[in-house]
Amino acid sequence: MSGTDIVLERETANDESALIVAIHILSGSAVEADALIFDIENSKATQELRAPTAGVVVHDLQVGDVVKFGIPLARIMPSNDHDDPDHVVHALPVAGSPLRDSPIGENAQIRFEDSGAKVTAIDKGAAVPARFSKAATALIHEMKLSPEQFETGFVTTRDVLVIGSGGRAVLPFAEVQSATRRKGAQASASTKTLRPPGGVAVTGRKRAEINALGEGAGATHLSVLGTTLGAISMRRPKGDFLQDRITDLVIYEAARLMRKYPNLNAHYRDGEIFRYEAVHAGMAIDRGGNLVVYGIEHADRLDFQDLGIGMSDAVARYMNDELSAWEMSRATFTVTDLSGGVLDYVLPLVPRGQSCILGITRTEPANFRLFAGFDHRVTEGFEVSAFLNELAGRVRSFSEREDALPDAGLCCGICDRSLAEATVKGRDKGMLKIVDFRGRESLCCASCWNGW
Amino acid sequence: MAVSLIEAISDRPATDGGLISTARIAAQHGFDAALRFIEEPKNRAEVECALRIRVVENALYDLFGRGKLHGTIHTCIGQEFSGAILGKYLRQHDYVTSNHRCHGHFIGATGNWRGLVDELLGNQHGVCAGIGSSQHLWADNFMSNGQQGGLLPVAAGIALDRKTRVEGGVVISFIGEGTLGEGIVYETLNLDALWDLPHVIVCENNFYSQSTAQAFSVAGTIAERAAGFGVASASANTWDLPAFDRTLKTAIDRARSDRQPTFLVLTTYRLNPHSKGDDQRDRKEVEWFAARDPAKLAIDSFAHFAAKSREFEEEVADYVALAADKPLLSPTHYFPDQRPRFEARAPSVWTAVDSLPGSDLRHVQQLNIHYRDHLETDPNAYFIGEDIADPYGGAFKVAKGLSTAFPTRVRTTPISEAAIVGIGIGLATCGHRSFVEIMFGDFITYAFDQIINNASKFFHMYNRRVDCPIVIRAAMGGRRGYGPTHSQSLERFLIGIDNCCTLSLNSLASPDLQLKRGLALPGPVVLLENKIDYAAKTYVAPCGVTVDVDDAAIPTLRVRFSNATPTVTLIAYGGMARFIADRLIDIFEASDVVFDLIVPISLSPLNLAPIIESVSATGQLVTIEEGPAFGSVGAEIVAQLQERDIGFRARRVGGKEAPIPSPPHLETAALPSIQDICDALIALGKADA
């Protein structure tokens, strides 16, 4: 590489190094001979470093850097830009220089004048292109969004998740058949957030109900229903890490039921109901003082084994503080399991961006209760009651009560599903007996036989 | 064990031989002269003044013994002629400073014995409304304070004022020989001599520092101390009164006409204890001197003085009897201070800084122009400091060119931080706005007595009649590799000083904008500048970031991301503010947090309004400062916000609790880094989840 080096010469006997106190010309800029490039301070005096020749300055320094004597600080490269009439150059960003944060190129330029280089904002009032935090950039990538969707401003993961606007825009919504969609969609348009497609305006009757509830004595749209599951002492399949809990059973069945009850896998915003396309089950995790809701992606498509692995993995990463913002915010409904202690009742509060939360309690060692908290703006007691009863029936089907279940002990050798489950659900028609080449017998449910 | 002069001397014959003879010979030889002075009709006023002092002191001592005086008392019985003869030579613009044993000097200089009695009885008619009592007196041209030698440089500052005034005037300061252990005495003597100040220091040598005999507290000879500085010394005693009279006159004349200082050693003897109940001296020794007491001589030998003494006694007794009915000072009158009040109102009115005139100059040049403007517009302003004269212009060049432009009011000083701050205080009490530069802020520690016991206290202690508009400028901060004693940030020690503003400048805006009203305050100001900021030009915000200033008397700055909602409030000041502002985008990118950076300029008092405004919106606060977080500005902010019941969570980021090392890798580790700030932001975020 040809060019002329600029070397700092020692001025005092006492100093080994000096401090860069000002950079007048950014790296990558054209300079005239004798142009002031750096102000440097040693313990005795301030020194000016000027360009020995004309050319383009190249350096990697920032204000506050300590530089050693006798070592080249910068190099003047021969300039190829002499035909540029204005000497306007688009400077390379200089790491850490006080001027580098101006997005030079679009909103600012470096202009050469007799007094030296100046960074000029082209228009201070003009919109600044969006800048992203590192975490936001990673999240955009993780969520398969595009940076162009954020027009301006300083974008954090909060913005990406559209927490600030209360919306859950980044999750796709179910296809909308109604012609009433997107009514009043401009009402909450934000420069930073995506306006979600797929909203369905609530009906006039529902709107009246919402208003009436909002003005009622409780002034709330939260409601809760509960049912008793009864004793589930010998559950099937066995949970490896959950032991005597039923969280996975509830998540497994509730996630599947969400397809049937889409209003419970939705959220309300500005007069519209948004029903999520995917079912991401939220699992509330709290080991004291740090409650998070981990979103199990596509819980309705997982078998017990993958669900169990996913849950135990989430808990382990929670303990290590490794959960990402996206994982902690993508849930479309939530299950909170409080059966660790003895409780009669829970009023589960619906998280932002959701319409339903399920709470599990236990009144005695193996007697569970199930509660559903829901957003009355999206659904109502009739629907939730039906959902809850169906869910309770499905969860009960996992209970291995020897007195009640004649087929005790008969279960699928592949997915561990009991015969009771396979029968109660009404989907499967019992089990197949399989004999392998050694003559050993095992059972296989219809689902496993047919594939999911 | 009684420690007497005699014993002390017999213990240490080599060093103290002749001490006792000094006192005894003076008393023995001077006694006849005392009689001559007393019988001389022209000295009647001085003798009566001495008797008045004796009577008042006896009455006060008696009241103290009966528990009628709150606090403590130091009587001057035996030493009265020191103050009594002083009054004879004082003129209108002369000034007297004194110490803990000041009653005699006060009565001699002002004649206001009633004000003194009321002061000690603690009622509102006292010369300072009873606030400071015995040791803390102020009247026109008289001041006493309770610390040893602390008023000497203040007196020198007043002497500098008197020297430059058309009407002249001299300053007489009283100290005891016990004070010779204080370094401030020698700093002042040095400056008195260097600047030819009209300052007479009377060192009353009564041979005891409280209960400690001089043999244990003063080495060498007293008079030669002054001689070493080229200050004329003289000696006299309170027995040979004609000689004392002549010597005092000579010293005061010398100050008045020749503008020269004098150090007058006045041998005397205190007949009462230092205070009460703390007298360990040999009774025989005290009795020997009591038998040679000039005041007693006057009463015993002359009927008219005996009658006068009785008349004074009745007068004082009658006056004391009236005291019970006198009003007491109300706490509501006493407590308010001089620091600016920040209205607790919201919202603050913010103006974008870049719409105000900026500057292409470096911060140090802008400061230089700022102070130059002050000196130009205020012909009474002084600017003093070490090494500030041209061509050097001070270590950081803030004073460059000032000594050339204003040669009488901009003075380079010896390395005497305590004395030059004291001189600044003296000038300030005379109505001069005085700027005192502490080259490295680390050395403001030398001046703490002056700031804490003088500058900050005068206003309250002297019943709101003494303003002290001194501005003590100091360069703070690290990141220059200057090491443990040249890199500190001592704000946490300064913000706790009552009635004293601590301001911290930064380079996010011009000094003119930051100090628009900051230097027009009536009380003392510690003005912190930052070493890193000196070299910087005024901050240029990156695109999409604005710097705003509020409309308070001493403003607060705010750096804000436009088009984004802050979720955390950062607070930083001084060099730390610029450090963060320069790395705003880095912090945003690494921490995933959009924040407000609030930059207070006044650290004490704090303007909470802009902080509350931001924290109310964000609910999360991180304070960042170069000094350790323990007992810091950040701690104070968190505590004050807590008391306002604003729901918020906070983290403090501060320097390490160890001396700041010089090597770059250690110094960087000792001071808050971007990583530390990001860690705090992320920790808050996690606690929020």
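Read on for a plain summary of the structure. (Residues numbered from 1 in each chain as written. Chains lettered and ligands numbered in written order. Predicted model: local features only at pLDDT ≥ 70, side-chain atom pairs only at ≥ 80, totals over all residues. Heavy atoms only, no water.)

Quick notes on the overall build of chain A
Next up, step 1: On a plain count of helices and strands, chain A comes out with 8 helices and 23 strands.
Next up, step 2: Put simply, 59% of the contacts in chain A that link residues at least 6 apart link residues at least 24 apart.
Next up, step 3: Surface summary for chain A: the accessible area is close to 21,900 Å², and the carbon and sulfur share equals 51%. (Helix = DSSP H or I, 4+ residues; strand = E, 2+ residues; numbered from the N terminus. Contact = heavy atoms within 4.5 Å. Areas by Shrake-Rupley, 256 points an atom, 1.4 Å probe, with all protein chains shown as cover.)

So, the overall build of chain B
Next up, step 1: When helices and strands are counted, chain B shows 29 helices and 23 strands.
Next up, step 2: Here chain B, with 689 residues, has 62% of them falling under the buried criterion.
Next up, step 3: A separation threshold of at least 6 residues defines the contact pool for chain B, and within that pool the share at least 24 residues apart is 79%.
Next up, step 4: Looking at chain B as shown, the accessible area adds up to about 24,600 Å², and 53% of this sits on carbon and sulfur atoms. (Buried < 20%, exposed > 50% of the residue type's maximum accessible area, 1.4 Å probe, protein only.)

Quick notes on the nonpolar core
Next up, step 1: Counting residues in hydrophobic clusters, the biggest one holds 189 residues, and the most contacted among them are B:Ile444, B:Phe561, B:Leu570 and B:Ile580.
Next up, step 2: Per element, the largest residue contribution to this core is 10 residues, and it comes from helix α4 (residues 44-65) of chain B.
Next up, step 3: In this structure B:Ile444 touches B:Ile438, B:Ile451, B:Ile472, B:Ala474, B:Leu490, B:Leu494 and B:Val526, once residues within four positions along its chain are discounted.
Next up, step 4: Counting residues in each nonpolar core, the second largest holds 44 residues, with A:Val250, A:Ala254, A:Val315 and A:Phe374 among its members. (Core = buried A, V, L, I, M, F, W, Y, C linked by side-chain atoms within 4.5 Å.)

Focus on unusual backbone geometry
Residues and elements named next belong to chain B.
Next up, step 1: Residue Asp-390 is joined to Pro-391 through a cis peptide bond whose omega torsion reads 10°.
Next up, step 2: Position of Pro-391 relative to the elements: it lies in the loop between β11 (382-386) and α17 (402-405).
Next up, step 3: Cis rather than trans, the peptide bond between Ser-604 and Pro-605 has omega equal to 0°.
Next up, step 4: In this structure, Pro-605 sits in the loop between β21 (602-604) and α26 (608-618).
Next up, step 5: At Phe-207, a position not held by glycine, the phi torsion is positive, near 75°.
Next up, step 6: Inspection of the secondary structure assignment puts Phe-207 in the loop between β5 (199-205) and β6 (208-209).
Next up, step 7: In this structure, Gln-210 is a non-glycine residue whose phi angle is positive, near 60°.

Concerning the pattern of salt bridges
Next up, step 1: Scanning the entire structure with this criterion turns up 37 salt bridges over all chains.
Next up, step 2: The salt bridge involving A:Arg75 is made with A:Asp5; its shortest N-O contact spans 2.6 Å. A residue pair is termed long-range when its members are at least 10 positions apart, and A:Arg75 in strand β8 (residues 72-77) and A:Asp5 in strand β1 (residues 4-7) qualify at 70 residues.
Next up, step 3: With a relative accessible area of 24%, A:Arg75 lands in the partly exposed category.
Next up, step 4: Through salt bridges with shared partners, a single ionic network connects B:Asp161, B:Arg162, B:Arg165 and B:Glu167. (Salt bridge = Lys/Arg side-chain N within 4 Å of Asp/Glu carboxyl O.)

Focus: the side chain of B:Ser348
Residue and element names in this part refer to chain B.
Next up, step 1: For Ser-348, the location among the structural elements is in the loop between α15 (331-334) and β10 (351-352).
Next up, step 2: Of the residues examined, Ser-348 reaches a relative accessible area of 9% and is grouped as buried.
Next up, step 3: The contact partners of Ser-348, leaving out residues within four places of it in the chain, are Asp-550, Ala-609, Pro-610 and Glu-613.

Here we look at the packing of helix α18 (residues 417-429) of chain B against helix α19 (residues 448-455) of chain B
Residues and elements named next belong to chain B.
Next up, step 1: Look at α18 against α19: their axes get within 8 Å of each other, and the N-to-C directions meet at 30°. Considering their axes alone, α18 and α19 lie roughly parallel with respect to each other. Residues Ala-418, Val-421, Gly-422 and Ile-425 of α18 pack against Gln-450, Ile-451, Asn-454 and Ala-455 of α19.
Next up, step 2: Its residues placed into classes, the contact of α18 with α19 shows 5 nonpolar, 3 polar and no charged. (Axes fitted to C-alpha atoms, helices over the stretch in contact; angles between N-to-C directions. Parallel < 35°, antiparallel > 145°, perpendicular 65-115°, else oblique. Nonpolar A, V, L, I, M, F, W, Y, C, P; charged D, E, K, R; others polar.)

A look at the side chain of B:Asn368
Residues and elements named next belong to chain B.
Next up, step 1: With respect to the element layout, Asn-368 can be found in helix α16 (residues 363-377).
Next up, step 2: Within the structure, Asn-368 has its side chain in polar contact with the backbone oxygen of Val-398 (distance 2.7 Å).
Next up, step 3: Once you skip the residues sitting within four places of it in the chain, Asn-368 turns out to touch Lys-397, Val-398, Ala-399, Lys-400 and Leu-402. (Polar contact = N/O pair within 3.5 Å; in protein donor to acceptor, adjacent residues only side chain to side chain.)

Details of the environment of B:Leu608
Residues and elements named next belong to chain B.
Next up, step 1: Within the secondary structure, Leu-608 sits in helix α26.
Next up, step 2: Spatially, the C-alpha atom of Leu-608 lies 9.9 Å from that of Arg-644, the residues being 36 residues apart in sequence.
Next up, step 3: When residues no more than four places from it in sequence are discounted, the contact partners of Leu-608 are Gln-640, Leu-641 and Arg-644.

Let's talk about the sheet that holds strand β18 (residues 556-561) of chain B
The pairing of strands in a sheet happens through backbone hydrogen bonds and is either parallel or antiparallel.
All names here are of chain B.
Next up, step 1: Spatially, β10-β17-β18-β20-β19-β22-β23 is the arrangement adopted by the 7 strands of the open sheet, whose pairing is mixed. Each edge of the sheet is formed by a strand with only one pairing partner; in this case those strands are β10 and β23 (649-653).
Next up, step 2: With 5 bridges connecting them, strand β22 (residues 620-624) and β23 associate as parallel partners. In the strand pairing of β23, Leu-621 is matched with Ala-650.
Next up, step 3: Running over the sheet, α26 touches β18, β19 (568-572), β20 (595-600) and β22 and is turned about 150° from β19. (Pairing = 2+ DSSP bridges.)

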